Protein chains: 2
Amino acid sequence: MKYVYLFKEGNKDMKNTLGGKGANLAEMSSIGLPVPQGFTVICEACGQYYEDGEKINESILKEIDVALLKLEKETGKKLGDATEPLLVSVRSGARISMPGMMDTILNLGINDVVVETIAAKTNNPRFAYDSYRRFMQMFGEVALGLPYEDFDNELIGIKKEKGVESDVDLTADDLKELVKRYKKVYAKHLDGGFPTDPKVQLTEAIKAVFRSWNTERAIFYRQQNNIPHEWGTAVNVQQMVFGNKGETSGTGVAFSRDPSTGENVLYGEFLMNAQGEDVVAGIRTPSPISQLKDTNEKVYNQFVSLVRKLETHYKDMQDMEFTIEEGTLYFLQTRNGKRTGHAALRIAVEMYQEGLINKEQGLLQIDPKTLDSVLHPSFEPKALKEAKEIGKGLNAGPGAAIGQIVFNSARATELKGKGIKTILVRPETSPEDIKGMHSAEGILTATGGMTSHAAVVARGMGKCCVCGAKDAKINEEAGTLTLAGVTYKEGDIISLDGSTGKIYAGKIPTIPAAISGNFAEVMKWSDEIRVLDVRTNADTPADTQKAVEFGAQGIGLTRTEHMFFEGDRIRAVREMLVSKTKEQRASAINKILPMQQNDFEQIFEALGGRPATIRFIDPPLHEFLPHTPKEIKEVANAMNIPVGDVEAMVEASKEFNPMMGFRGCRLIIAYPEIAEMQTRAVIQAALKLKKQHPDWNDFAEIMIPLTIDLKELEWIKKIVVRVADELIKASKTDLRYKFGTMIEIPRAAMVAGEIATIAEFFSFGTNDLTQMTFGFSRDDASKFLPYYYDNKILVSDPFATVDQVGVGRVIKIAVEGGQQTRPDIKLGVCGEHGGDPDSIEFFHRVGLKYVSCSPFRVPIARLAAARAQLKFPREKH
Amino acid sequence: MKYVYLFKEGNKDMKNTLGGKGANLAEMSSIGLPVPQGFTVICEACGQYYEDGEKINESILKEIDVALLKLEKETGKKLGDATEPLLVSVRSGARISMPGMMDTILNLGINDVVVETIAAKTNNPRFAYDSYRRFMQMFGEVALGLPYEDFDNELIGIKKEKGVESDVDLTADDLKELVKRYKKVYAKHLDGGFPTDPKVQLTEAIKAVFRSWNTERAIFYRQQNNIPHEWGTAVNVQQMVFGNKGETSGTGVAFSRDPSTGENVLYGEFLMNAQGEDVVAGIRTPSPISQLKDTNEKVYNQFVSLVRKLETHYKDMQDMEFTIEEGTLYFLQTRNGKRTGHAALRIAVEMYQEGLINKEQGLLQIDPKTLDSVLHPSFEPKALKEAKEIGKGLNAGPGAAIGQIVFNSARATELKGKGIKTILVRPETSPEDIKGMHSAEGILTATGGMTSHAAVVARGMGKCCVCGAKDAKINEEAGTLTLAGVTYKEGDIISLDGSTGKIYAGKIPTIPAAISGNFAEVMKWSDEIRVLDVRTNADTPADTQKAVEFGAQGIGLTRTEHMFFEGDRIRAVREMLVSKTKEQRASAINKILPMQQNDFEQIFEALGGRPATIRFIDPPLHEFLPHTPKEIKEVANAMNIPVGDVEAMVEASKEFNPMMGFRGCRLIIAYPEIAEMQTRAVIQAALKLKKQHPDWNDFAEIMIPLTIDLKELEWIKKIVVRVADELIKASKTDLRYKFGTMIEIPRAAMVAGEIATIAEFFSFGTNDLTQMTFGFSRDDASKFLPYYYDNKILVSDPFATVDQVGVGRVIKIAVEGGQQTRPDIKLGVCGEHGGDPDSIEFFHRVGLKYVSCSPFRVPIARLAAARAQLKFPREKH
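Notes on the structure follow. (Residues numbered from 1 in each chain as written. Chains lettered and ligands numbered in written order. Predicted model: local features only at pLDDT ≥ 70, side-chain atom pairs only at ≥ 80, totals over all residues. Heavy atoms only, no water.)

## Observations regarding the overall build of chain A
Then step 1. The helix and strand tally for chain A stands at 36 helices and 33 strands.
Then step 2. Against the globule reference of 29 Å for 877 residues, chain A gives a C-alpha radius of gyration of 32 Å, in line with a compact fold.
Then step 3. In terms of overall dimensions, chain A has C-alpha extents of about 100 × 60 × 50 Å along its principal axes.
Then step 4. By the burial criterion, 60% of the 877 residues in chain A qualify as buried.
Then step 5. When contacts within chain A are restricted to residue pairs at least 6 apart in sequence, long-range pairs at least 24 apart make up 69% of them.
Then step 6. Total accessible area on chain A is roughly 33500 Å²; 50% of this is exposed by carbon and sulfur atoms.
Then step 7. If you average the places of the 109 positive and of the 118 negative side-chain charges in chain A, the two averages end up 2 Å apart. (Helix = DSSP H or I, 4+ residues; strand = E, 2+ residues; numbered from the N terminus. Rg over C-alpha atoms; globule rule 2.2 N^0.38 Å. Buried < 20%, exposed > 50% of the residue type's maximum accessible area, 1.4 Å probe, protein only. Contact = heavy atoms within 4.5 Å. Areas by Shrake-Rupley, 256 points an atom, 1.4 Å probe, with all protein chains shown as cover. Lys, Arg positive; Asp, Glu negative; His and termini not counted. Charge placed at Lys NZ, Arg CZ, Asp CG, Glu CD.)

## Some details on the relation of the copies chain A and chain B
Then step 1. Superposing chain A onto chain B takes a rotation of 180 degrees plus a shift of 0.1 Å along the axis, which leaves an RMSD of 0.2 Å. A rotation of that kind, with that shift, is consistent with a two-fold axis. When C-alpha distances to the rotation axis are compared across chain A, the minimum falls at N657 of chain A, with a value of 2.1 Å.
Then step 2. Taken together, the interface assignments show that 100% of the residues at the interface of chain A recur at the interface of chain B, consistent with an identical surface on both copies. (Least-squares fit on C-alpha atoms with pLDDT ≥ 70 in both.)

## Comments concerning the environment of M595 of chain A
Then step 1. Position of M595 of chain A relative to the elements: it lies in helix α24 (residues 593–607).
Then step 2. Sequence-distant contacts of M595 of chain A, that is, excluding residues within four places in its chain, are made with D568 and R569 of chain A.

## As for the state of the cysteines
All names here are of chain B.
Then step 1. By the definition in use, this model includes zero disulfides over all chains.
Then step 2. As a non-bridged cysteine, C467 has C465 as the owner of its nearest cysteine sulfur, 4.9 Å distant.
Then step 3. Among the cysteines around C665, which has no disulfide bond, C830 carries the closest sulfur, lying 14 Å off.
Then step 4. C665 sits in the buried class, given a relative accessible area of 0%. (Disulfide = S-S within 2.5 Å.)

## Details of the pattern of salt bridges
All names here are of chain A.
Then step 1. Summed over the entire model, instances satisfying the criterion amount to 111 salt bridges over all chains.
Then step 2. A salt bridge links D618 to R663; its shortest N-O distance comes to 3.4 Å. Separated by 45 residues along the polypeptide, D618 in the loop between β28 (612–615) and α25 (629–639) and R663 in the loop between α26 (643–652) and α27 (665–670) bring together distant segments of the chain.
Then step 3. In this structure D618 comes out as buried when scored by relative accessible area, which is 7%. (Salt bridge = Lys/Arg side-chain N within 4 Å of Asp/Glu carboxyl O.)

## A look at the interface of chain A and chain B
Many analyses report the size of an interface as the accessible area lost when the parts associate.
Then step 1. Across the boundary between the two partners, chain A contributes 52 residues, which contact 52 residues of chain B.
Then step 2. Where chain A abuts chain B, roughly 4800 Å² becomes buried across the two surfaces, and 61% of that area is made up of carbon and sulfur atoms.
Then step 3. Summed over the shared surface of chain A and chain B, the number is four salt bridges.
Then step 4. Among the salt bridges present, the one from E230 of chain A reaches K711 of chain B, with a minimum N-O distance of 2.9 Å.
Then step 5. Taken together, the links from chain A to chain B amount to 28 residue pairs in polar contact (both at pLDDT 80 or more).
Then step 6. Those elements that place two or more of their residues in the side of chain A that touches chain B are α27, α29 (710–731), α30 (746–750), α32 (766–774), α33 (785–790) and α34 (807–821) of chain A.
Then step 7. Residues of the side of chain A that touches chain B, tallied by class, amount to 27 nonpolar, nine polar and 16 charged. (Buried area = accessible area lost by both parts, 1.4 Å probe. Polar contact = N/O pair within 3.5 Å; in protein donor to acceptor, adjacent residues only side chain to side chain. Nonpolar A, V, L, I, M, F, W, Y, C, P; charged D, E, K, R; others polar.)

## Points about the sheet that holds strand β22 (residues 486–489) of chain A
All names here are of chain A.
Then step 1. Read across the sheet, three strands follow the order β20-β21-β22 without closing on themselves; strand pairing throughout is antiparallel. The sheet is open, and its two edges are formed by β20 (473–475) and β22, each paired on a single side. In this sheet, neighbouring strand axes are inclined to one another by 20 degrees on average, regardless of whether the strands run parallel or antiparallel. (Pairing = 2+ DSSP bridges. Axes fitted to C-alpha atoms, helices over the stretch in contact; angles between N-to-C directions.)

## Some thoughts on the packing of helix α4 (residues 112–122) of chain B against helix α5 (residues 125–143) of chain B
Residue and element names in this part refer to chain B.
Then step 1. Closest axis-to-axis distance for the α4/α5 pair is 7 Å, and the angle between their directions is 150 degrees. As judged from the angle between their axes, α4 and α5 are roughly antiparallel. Seen from above, α4 lies across α5 with right-handed handedness. In this structure, α4 uses D112, V115, E116, I118, A119 and T122 to contact α5, whose residues at the interface are P125, F127, A128, Y129 and Y132.
Then step 2. Grouping the constituent residues of the contact of α4 with α5 by class yields eight nonpolar, one polar and two charged. (Parallel < 35°, antiparallel > 145°, perpendicular 65-115°, else oblique. Left-handed = near helix turned anticlockwise from the far one by under 90°.)

## Remarks on helix α7 (residues 172–189) of chain A
All names here are of chain A.
Then step 1. Under the 1.5 Å per step criterion, the end-to-end length of α7 is 26 Å for 18 residues, consistent within 8% with the ideal 26 Å.
Then step 2. What α7 keeps buried is the set A172, D174, L175, L178, V179, R181, Y182, V185 and Y186.
Then step 3. On its buried side, α7 packs onto α5 (125–143) and α6 (148–162). (Expected span 1.5 Å × (residues − 1).)

## Here's the deal with the sheet that holds strand β6 (residues 104–108) of chain A
In a beta sheet, neighbouring strands are held together by backbone hydrogen bonds and run either parallel or antiparallel to one another.
All names here are of chain A.
Then step 1. The strand order across the open sheet built from five strands is β1-β2-β7-β5-β6, with neighbouring strands paired in antiparallel fashion. Each end of this open sheet is capped by a strand with a single partner; those strands are β1 (4–6) and β6. The sheet shows a mean angle of 20 degrees between the axes of neighbouring strands, direction not considered.
Then step 2. Sheet topology note: the β1/strand β2 (residues 38–41) ladder contains three bridges and is antiparallel. Paired with V4 across the strands is V41, a residue of β2.
Then step 3. Across the sheet, helix α3 (residues 58–75) touches β1, β2, β5 (88–94) and β7 (233–239), and the angle it forms with β2 is around 165 degrees.

## Some remarks on the nonpolar core
Then step 1. Membership of the largest hydrophobic core comes to 282 residues, with the highest contact counts inside it found for F604, I683 and I811 of chain A together with F604, I683 and I811 of chain B.
Then step 2. Those residues within four positions of F604 of chain A in sequence are excluded, and the remaining contacts are G609, A612, I614, V682, A685, A686, L689, W696, F699 and A700 of chain A. (Core = buried A, V, L, I, M, F, W, Y, C linked by side-chain atoms within 4.5 Å.)

## Quick look at helix α23 (residues 582–590) of chain B
All names here are of chain B.
Then step 1. Listed in full, the buried residues belonging to α23 are R585, A588 and I589. When α23 is viewed along its axis, its buried side chains cluster within an angular range of 90 degrees and face the same direction.
Then step 2. If you follow the buried residues of α23, they end up packed against α22 (567–578), α24 (593–607), α27 (665–670) and α28 (672–692). (Arc of directions from axis to C-beta.)

## Considerations on the packing of aromatic side chains
Then step 1. Tallied over the full model, the rule gives 55 aromatic pairs over all chains.
Then step 2. Their ring planes at 65 degrees and their centres at 6.0 Å tell us that Y132 of chain B and F194 of chain B sit as a pair that is edge-to-face. Of this pair, Y132 of chain B sits in helix α5 while F194 of chain B sits in the loop between α7 (172–189) and α8 (198–212), and the two are 62 residues apart along the sequence.
Then step 3. What makes F194 of chain B buried here is its relative accessible area of 8%.
Then step 4. The interplanar angle of 45 degrees and the centroid separation of 4.5 Å between the aromatic rings of F303 of chain B and F322 of chain B together place this pair among those described as tilted. With a gap of 19 residues between them, F303 of chain B in helix α12 (residues 297–314) and F322 of chain B in strand β11 (residues 318–325) connect regions that are remote in the sequence.
Then step 5. According to the relative accessible area criterion, F322 of chain B is buried, its value standing at 0%.
Then step 6. Looking at R845 of chain A, its charged tip hangs above the ring of F872 of chain A, at a distance of 5.0 Å from the centre.
Then step 7. Over the ring of Y850 of chain B we find R535 of chain B; its NZ or CZ atom is 4.5 Å from the centre of that ring. (Phe/Tyr/Trp six-rings, centres within 6.5 Å; stacked < 30°, edge-to-face > 60°. Lys NZ or Arg CZ within 6 Å of the ring centre and 35° of its normal.)

## Here's the deal with the pairing of strand β32 (residues 826–829) of chain B
Residue and element names in this part refer to chain B.
Then step 1. Here β32 shows two buried faces, one formed by K826 and G828 and the other by L827 and V829.
Then step 2. Here four bridges tie strand β31 (residues 761–764) to β32, and the two strands are oriented parallel to one another. Bridged to F761 within β32 is K826.
Then step 3. Looking at chain direction, β32 and strand β33 (residues 850–853) are connected through two bridges and run parallel. For G828, the partnering residue across the bridge sits in β33 and is Y850.

## Some points on the side chain of E325 of chain A
Residues and elements named next belong to chain A.
Then step 1. Assignment of secondary structure puts E325 in strand β11 (residues 318–325).
Then step 2. A relative accessible area of 15% places E325 in the buried class.
Then step 3. At a separation of 2.7 Å, a polar atom in the side chain of E325 contacts the main-chain amide nitrogen of F242.
Then step 4. Once residues lying within four places of it in the same chain are set aside, the contact partners of E325 are V241, F242, K245, T248, S249 and Y330.

Structure below.
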């Protein structure tokens, strides 16, 4: 195995080996850009370093030596040489850019001898000593872990002594003195003092970069971005060029287009007589890149022309670092630039119009996740900077929300009636909060993760939600929220940023979501290419309408139980549950029939003939039961039975593990009247629409949740078919409907082949499937998952991105079983994963026919589906 | 497809088609026993009957006609014929005997014409009319559903009128009159009155037998005995022979050996001048079979000789029905007889000694489940009959127990100290009751199923347990138990029968368990044949000792958490959990080290070098936390922290679904100190034993529960290996230990191939695997499973017998994955299923190396493993 590559040995397709930076340096080098030469120690060496007990082994060290010799030969310079000294930079570079997460060391190779040579050769002792002191500080801190303060105190001290404000005002002699003092810092902490041997410096620097792969912030970043911990970082060792050699030198960063707006203008900034760190540090204010023209027109023109060349070569917007050494331009880095959703859309469309890329390349440029921000209102950036942040939770539901604090759902609904905007603040939410969540502008909870009830429901509603804000102390009784030491009461105004999870005091102005023409264009491209259908999860006509506007091709999941919780309905459900006879039960449940039928009619109408998968009742029994004494009394009175009987029923229905309890189709097996009523509601609604639109058909799909066995589904199907066929026969229409099941229990996946004999479609409920396959309770996992992240056992939340290895295998077994029995079986997914781009790619690969997601995720899913097809082409179904 | 077989067309191996009775009638017929001829409508016809909407279709009716014609030809008689009338019996007969569960109709073919012919031909009008009235009542009730009372009232009425007590005292004329009155009963309920057409009688009777397959009691029986509902029953139509033709006729039932003791004597009873129903009805007292010799020595000798012939032919103890018609002996049925555990052992051993069977045949005779009773004390049968039954629950733990009622564990332990026997009565038990359960003679709970905490733990202890006694009202505060309207207080004595689930008031004398020589012999045979090892689940030296006596080859599961709950230990665990620093945690947990090490030493000692799989801590975190204010204060004081902090910790640790929460190895990931301490305890104990027994090795096996991923197990293995290797190195011994994992989460099964790279063994935790695969919470499933049984969706409790289709597939995936990576991987099972004979057969078939079960189930498992090998031979590992 070869662990070290010279730049000229690589190319841009070797990212997995050389890391992004290394591959791009190699590529730039090969297409003739001015790049200082060097070599890359590959990513696998990082893993090897850890495997060898945080040591670089002999064979890799030898390869580094060989590469260094070649570099020295090529440059005619030599590390540590007294006459032609070579200085190098040592930089990290993983497969996927992790900006700012890992370490860099510049000016390596300098010591007391070399510094004098440089001073003499450049006739610029100040530059020489400036480089020296910079290296000493950086190397000391990063490679050897010496305390930052020790260096900083010396620098501050000398500036004070000399009476100067800025580093640049220090003279060569001052810097020489500073170097001396820095040596004392080294001597204080290290036996041997400052390591003057440049080879030792190099080895230590490379080790430091490897170590920086596993800093806390780097690990956290990888968790956030689904980057496997095994990948490791490469290390790039590159000849130094100097932006700090005086006023004809400089350094800068630039984007080939504006990363915020996407406008086709050069965007960036530069600083003369400086090294890269100065731009970042913000001590001196850099100038906009356009002013480079005034500073050095020739270099500017060369830069503009090379930027064009890079963009044309990479066919994507570039994010570049450059240095000018005494009037000569060098590129130190290029990579595809990160951009906002708006910018991504504009860049793709304009590059296409410019003929630079085709549609496919355009789609591959756009990270679907960035579209989230395009689809929701956001805070005015300027106002946001000045706002008072008072806390932080998880960015669980998108958008920005401002409102008066309320502590219960009823109050949210009441104030909404008066036109007052509210933020619903709850320790956590439950299904009984649904109405209040609808009424509120945003939701803030103290507990719960990204897939807690609050988060899931809020995302479904496209509602702003910050959840799991651990520092929020909520006292429901007192009606107070305490954050950052301040106590807020009902009526106080706060603002929530759903895309960052931040909480602000007071009101921050917002800007509305705008779907520009570029957005529509990109969606058109996506639809041309993708083979995966995109449906939506929607329970209301309003949501359905919104989803259709966003391009949903139907509903993949209507959760009918949400329709059970409203005022009159929940009372009827409760009456049913405490009924003693089949007749009492049927009479109680049938009170809901007209309401539910009306819901379905409106949803069918909003879909305009597109299919809707309607899932029969799902949540645990006890969620429907009365809990407060008032509710209990209400039910007892309505049923004319003793309060004690209702209390006993409530008590008896408590469960140890409700997620694996009396729920889903288990309720139907116990109370078949529910299925009868729901079938009646669906089919009667469908028949009504069918009369108005005789050409519509197959638009009603009945779906049974939590199935575990063929016999179970058969038993339920008999009820559905009996009720439906009777109604259809009486209607004298040719209405066709579909019958299918969720696959969300591992056993259902194992026996999917049998189940498919009577199920026309499967919809994977990947939330529950993930719960059962992992044995993770979604509501409790936040207690132990952090330990799994900290210890790098899990990289990302399996409830956010589907676990392809474990849950994925279960899904594949079900797909194979289902298709074997019924080759044309319709396979889809309606869990939260249906809106996650990485998961969508997986679902595309295993051959599903559609994904279903929240309305606001539909455009994201459309794009993700197209990208999946581009990466893993499969036949259109 | 052929739906009807003449007896002479079948044989004993066609049970699946002809049912047990039909196959045996065919067999007896073919080996020359005197059997009245007839034909069998096969089991599949029953399914067809239901599929056709409870109708017998034309083609089957036609086959019945053809068979009837052949029967008529053979017997020279004709159904309904005025001169040579044929009478037949119509009897059920499923694949597996379901005694008394289904219907029978005798004397079919009789009507006003036929009765007179019979009267004339037999010169016995009384016999003729007796047969007629018997048929009318039986047919009316069974085939046509007429009310029993209507017939009974007429019979009582006529006896009153005639002033007689017994049916036999009614004269021919009386019976003729009764027939008239019965006709009125028919006319009252049916338009056409009594159906005189014998063909109509036959069709209705066959339908009645099919219908009786689905009576409530039959369905319940099948659930109890794991008989699939699809099988259906066959119907046997057989020429009648008459035991009621006067004093030279008779009928009886007999076993070829004593089914209670197994003694080789003819066992049974007979009644002269009677039909079979008279023997069952108990109106007249039958005589012991030995007296038949005095009644008719020729017939008796013929009978004895034919019984021998049957036993020799079937090579098993036979349960037979016979009839003597005017001095001629007929066999109406034979089947392998049901027997007690004691009898089964004796019969097998003696038949082997007699040279009648070989060991393999002997083992296949013995139902492993019957051994349960051999292994536990039981109530004296006579006393039991007179005892006052006050309630019933599930027969969750074997044996018989008598004691004073106590309502909490502490009291049970306290009284045990004073030598007083108790029954622990709890709504349900939790891990904190363990000590009390140990102290009590038996456990009674009001809720929970066969695999509830109480049931599982009690079986593990071999303790008598009746759980889920729904009618038991327990008021803990008042200290009362109300059953059957009577309220019992602490100190009142009750008796529990763990093999029937019955609860009795007062004390019933018991007889101790005795393991006879036959038992040891059968175990020896089992061990010669089986390839599956049998280990035990044991947490204490006493249990271990007992299991070894019962033949356990090691421990498959030691639950270390049981060792955490006792007095001092639980305090240390609690201190650990509220600790804020790693050091505090380690110091707290290390208080347990010497105690746990001592536990392990004793267990290793008791095993005498056999291996012990020790599972690291498993249950949810919150089970260990203090709950009462006193406990909370105790912890707060010990840790010198505010009570509020401990309260907050307790509150924060509450879980929605603890079964899928913070438990198992997730605790280790959060608190690695636990694994360090437990490794230290295991290895230090092993080293101590190793010093005493230098030839012992590989006897300590460390097992991690709830694993989901290779990385997770890797992380834990590093800790274990570090601690263990250090200790072993310091000890200067060559101690080897094994490291493995449970496979109890579906995901672990899916990635078993990866996990096997570092796990030397897998132990399937089929309890949890069943929970996750079905999405059934063991503690809650009793709320909805009854509906699944009632509706025939599930046949048996998947927690009692492993679900081969769903859970079994998951297991197979893991077996294949594990063996692919590590061909010599040791595979076992340590869930409750390890002691269930049907499940053991499955585990044998998928290639596991061992099962592990409660000590009292070890002999059952040894036998079941041998039988599995006989049925599905595989190579010895």
